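The lines below spell out each chain.
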Amino acid sequence: MHLSEQEIVRRKSLQALRELGVNPYPEAGYETNVTSDEILSRFDDDKPEALKSISLAGRIMSRRIMGNASFAELQDKAGRIQLYFRRDDICPGEDKTKYNQIFKKYLDIGDIIGIKGYAFRTKMGEISVHVEDYTILSKAIRPLPIVKEKDGKTYDAFTDPDQRYRQRYVDLVVNPQIKDVFTKRTKLINTMRDMFNEHGYLEVETPILQAIPGGAAARPFATHHNSLNMPMYLRIANELYLKRLIVGGFDGVYEFSKDFRNEGMDRTHNPEFTVMEIYVAYKDYHWMMDFTEEMIERVAIALHGKTLVQLGDKEIEFKRPYPRITMTDAIKTHTGYDITGKSEDELREICKALDIEIDPSMGKGKLIDEIFGEKCEPHYIQPTFIIDYPKEMSPLTKKHRDNPDLTERFELMVNGKELANAYTELNDPIDQRERFEEQLKLSQKGDDEAMFIDQDFLRALEYGMPPTAGMGIGIDRLAMLMTNNPSIQDVLFFPQMKPEAKPKVDEKSDFVALGIPEEWVDVIFKAGFTEIDALKAENPNKLHQTLCGMNKKHKLGLKNPTQDDVKDWIG
RNA sequence: GACUGAUUAGCUCAGCAGGUAGAGCAUCUGCCUUUUAAGCAGAGGGUCCGGAGUUCGAGCCUCCGAUCAGUCACCA
């Protein structure tokens, strides 16, 4: 294992602590009675004794050692507080080890400690804790990035997205403001859950591992079940299972769920993502629009205390009601074309005229979707319901009560993107079967996202499903909107990343086994050979020169091997 | 997948017409009992992403490759 100088120093400190009888990873819990923010808010200059026997724990984030006194900053879950250490308080007797050795030499930034002491205000006016005793709770043997701040300006910020996402634990430690995004995300979910529970709807769990990935148009992740010897898929949606529960007699069911789609990754797409789907019996999509508006408004207020939310350089007003515009009207407004009653060929002509790329596998529904996506969607910045989608692109949606070419479906658009998708659910089993068969034709035409036919779902519908309204909403996207983050990676603790490229490193002992003296193995590592195979592929004469050169250059004072020695090692 | 840019010390980043690398913080050694991006004095630390080429000489130029970011394309 290759360690940096600082890692070696910390491991030595760890050893030194053990030799002094200090357990750097004690088993016992540490009782605390206050947090950093409570000290700051409760401290009263007239009554400092109110915060006398306090005890708190956290991570050391900075140290300023001044001989026999020192300051440090302790970070706990709530924030930071300054600590004041004085040698003669920590070590009242003759033995000053606990200050001079343990605190000054063997503690580092990043270590987790518990302290006991009392609150006071320093000469400089900062509320601090005068430490009377401290306990090491966990030693950090890897150095944290050091982020400094003065007058609100941040120095040496830890901003590299790759490192931040791969090592989110470090990100959270050194960029504690990131925590706020995630607490807001959880609050968002809790707000929705509270609202659903108030209505008496039931939170349920449905299968993630499915034999038929249904309920949406997307490519699934495929896996294999060994003992059944059959392909299985990770779910792309929960719709069909939740509707089965409505068939079964629940009036309202909802699920917050991870769905998986085997498609591209970018700022707004992660292969696994969270959606909330809810189905309510005896309602239609008009009711669901009211319900959705109320839900979004409640979330905005819960998170921000108001309905006007900053998003980049825009402000989004989440106060209900939101305008409701039919898709046909939206297309008419933004393109001038009236798509009512147009045939597939006529739609193709319109796409051509509008300079929209199409391919032959696209049916009527997809063509219209394409026109809307290209020409209309970006215009809807403020929350807007787009309603009454063409039948072809909504195979699970009930036909529109006034127009058989349309369906009773809405999407909620915010900031030019789809946020929620909902409809009056199709509960006519004959119609549903026909729609699935149309999907099958699309699939045969080359649309690899067309839906599979789920026979069991059809059987369920044949037993009768009450009229139902259903709605799905992307939780990650809602979180992005509500926390002003343009990237999905910023609202996921652990966004999907490519596996970390890790150079293969053979053990030192493997090199020694070749007959190479240990001190030369270090030199070989230093020269960049961390794999036996790479070393063996090297020209022995060149390797000999390289090693002798390293010996000289770094003044190692080793006895150079002969060329034959080197040949023997790698021969 | 395309284009553009990045990759140098543990971290954040400099570097020049091509002449064997610099700063701040961090680390180490001293000094300092109310400091705060503490201070002062000193020290160590680098396959300059990898490979090939041009050159007397490459962190810098050329080519190939890797990774990351942004934009676009694809995709809900």
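Keep in mind that what you see is a predicted model, and the values were worked out from it rather than measured.

Conventions adopted
- Counting starts from 1 at the beginning of each chain's written sequence and moves along it residue by residue.
- To label them, take the chains in the order written and letter them from A, then take the ligands in the order written and number them from 1.
- In keeping with the predicted nature of the model, local features appear solely for residues at pLDDT of at least 70, side-chain atom pairs appear and are counted solely at 80 or more, and the whole-chain, interface and lining totals rest on all residues.
- Excluding hydrogens and water, the side-chain values take into account all heavy atoms of the structure.
- In this text, helices come from DSSP runs of H or I with a minimum length of four residues, and strands from runs of E with a minimum of two, each type numbered from the N-terminal end.
- With a 1.4 Å probe rolled over the protein chains alone, any residue whose accessible area is under 20% of its type maximum counts as buried; one over 50% counts as exposed, and the rest are partly exposed.
- Contact definition: two residues touch when any of their heavy atoms are within 4.5 Å.
- Each Phe, Tyr or Trp ring (for Trp, its six-membered ring) is paired with any other whose centre lies within 6.5 Å, and the angle between the two planes then decides the class: stacked below 30 degrees, edge-to-face above 60, tilted in between.
- Sitting over a ring, as applied to charges here, requires NZ of Lys or CZ of Arg to be within 6 Å of the ring centre and within 35 degrees of the ring normal.
- When DSSP finds two or more bridges between a pair of strands, those strands are recorded as paired.
- Cavities and pockets are found on a 1 Å grid laid over the protein atoms alone: a cavity is a set of points where a 1.4 Å probe fits but cannot escape, a pocket is an open set with protein on both sides within 12 Å along at least five of seven lines, and a lining residue has an atom within 4 Å of such a point.
- Grid points are joined across faces, edges and corners, and a volume is the space filled by probe spheres set on the points.
- Each residue is assigned to one of three groups, with Ala, Val, Leu, Ile, Met, Phe, Trp, Tyr, Cys and Pro labelled nonpolar, Asp, Glu, Lys and Arg labelled charged, and all others, Gly among them, labelled polar.
- Interaxial angle, 0 to 180 degrees, is taken between N-to-C directions of lines fitted to C-alpha atoms, where a helix line uses only the stretch in contact.
- Throughout this description, a polar contact denotes any pair of N or O atoms lying within 3.5 Å of each other; where both atoms belong to protein, one of them has to be capable of donating a hydrogen while the other can accept it, and for residues adjacent in sequence the pair is counted only when both atoms sit in side chains.
- Salt bridges, as used here, are contacts in which a Lys or Arg side-chain nitrogen is within 4 Å of a carboxyl oxygen on Asp or Glu.

Caption draft 1: Expanded view of the overall build of chain A. Regarding its fold elements, chain A presents 20 helices and 20 strands. Expressed as a percentage of its 571 residues, the buried residues of chain A come to 46%. Considering only residue pairs separated by 6 or more positions, chain A has 63% of its internal contacts joining residues 24 or more positions apart.

Caption draft 2: How the structure looks around the packing of aromatic side chains. For the structure on display, the rule yields 18 aromatic pairs. Relative to F494, the ring of F493 has its centre 6.1 Å away and its plane inclined at 40°; by these criteria the two rings are tilted. Three or more aromatic residues link up through ring pairs in this structure, and these residues are F196, Y201, Y254, F256, W287 and F291. Over the ring of Y134 we find K98; its NZ or CZ atom is 4.7 Å from the centre of that ring. The ring of Y389 has R409 sitting right over it, with the charged end atom 4.7 Å from the ring centre.

Caption draft 3: Broad picture of the pairing of strand β4 (residues 112-121). Both strand β1 (residues 54-66) and β4 contribute to a ladder of six bridges, which runs antiparallel. Each bridged residue has a counterpart across the sheet, and for R59 the counterpart in β4 is I112. Across 10 bridges, the pairing between β4 and strand β5 (residues 127-138) is antiparallel. For R121, the partnering residue across the bridge sits in β5 and is I127. Hairpin connection of β4 to β5: five residues between the antiparallel strands, including G125 at a positive phi of 95°.

Caption draft 4: Representation of empty space enclosed by the protein in the model. Counting across every chain of the model gives two cavities of 30 Å³ or more. Of the voids in this model, the largest cavity is the one considered here, and its volume is about 40 Å³. Forming the walls of the largest cavity are M61, R80, I109, L144, P145, I146, V147 and V174. What the second largest cavity holds in volume is close to 40 Å³. Lining the second largest cavity, in full, are Q210, I212, G214, A237, N238, L240, Y241, R244 and D454. When residues of the lining of the second largest cavity are assigned to their parent elements, the largest contribution, three residues, is made by helix α8 (residues 239-247). Across the lining of the second largest cavity, the residue classes break down as four nonpolar, three polar and two charged.

Caption draft 5: Structural detail: the sheet that holds strand β8 (residues 202-203). Pairing within the open sheet is mixed, and its eight strands lie in the order β8-β12-β13-β20-β19-β18-β17-β16. The open sheet terminates on both sides in strands that have one partner only, identified here as β8 and β16 (324-326). The sheet contact formed by strand β17 (residues 384-387) and strand β18 (residues 409-414) spans four bridges and is antiparallel. Bridging across to β18, I386 finds its partner in E411. Taken strand by strand, α8 contacts β12 (252-260), β13 (272-281), β19 (417-424) and β20 (468-474), and its axis lies near 25° from that of β13.

Caption draft 6: Up close: the sheet that holds strand β11 (residues 230-234). A sheet is described by the order of its strands in space; here three strands give the open sequence β9-β11-β10, paired in antiparallel fashion. Each edge of the open sheet carries a strand with a single partner, namely β9 (209-210) and β10 (222-225). Across two bridges, the pairing between β9 and β11 is antiparallel. Counterpart to L209 in the pairing with β11 is L234.

Caption draft 7: Structural view of the pairing of β1. Across seven bridges, β1 lies against strand β2 (residues 69-75) in antiparallel orientation. Bridge pairing in β2 links R59 to Q75.

Caption draft 8: How the structure looks around the side chain of R168. Checked against the element boundaries, R168 lands in helix α6 (residues 168-174). Of note is the side chain of R168, whose polar atom sits 2.8 Å from the backbone oxygen of Q489. Residue contacts for R168: discarding those within four places in its chain leaves I178, F182, Q489, D490, L492, F493, F494 and P495.

Caption draft 9: Representation of the pattern of salt bridges in the model. Under the definition given, this model contains 37 salt bridges. A salt bridge links R164 to D171; the shortest N-O distance between them is 2.9 Å. Each member of the pair, R164 as well as D171, carries the same accessibility label: buried. Salt bridges here are not isolated pairs; linked through shared partners, they connect R164, R168, D171 and D490.

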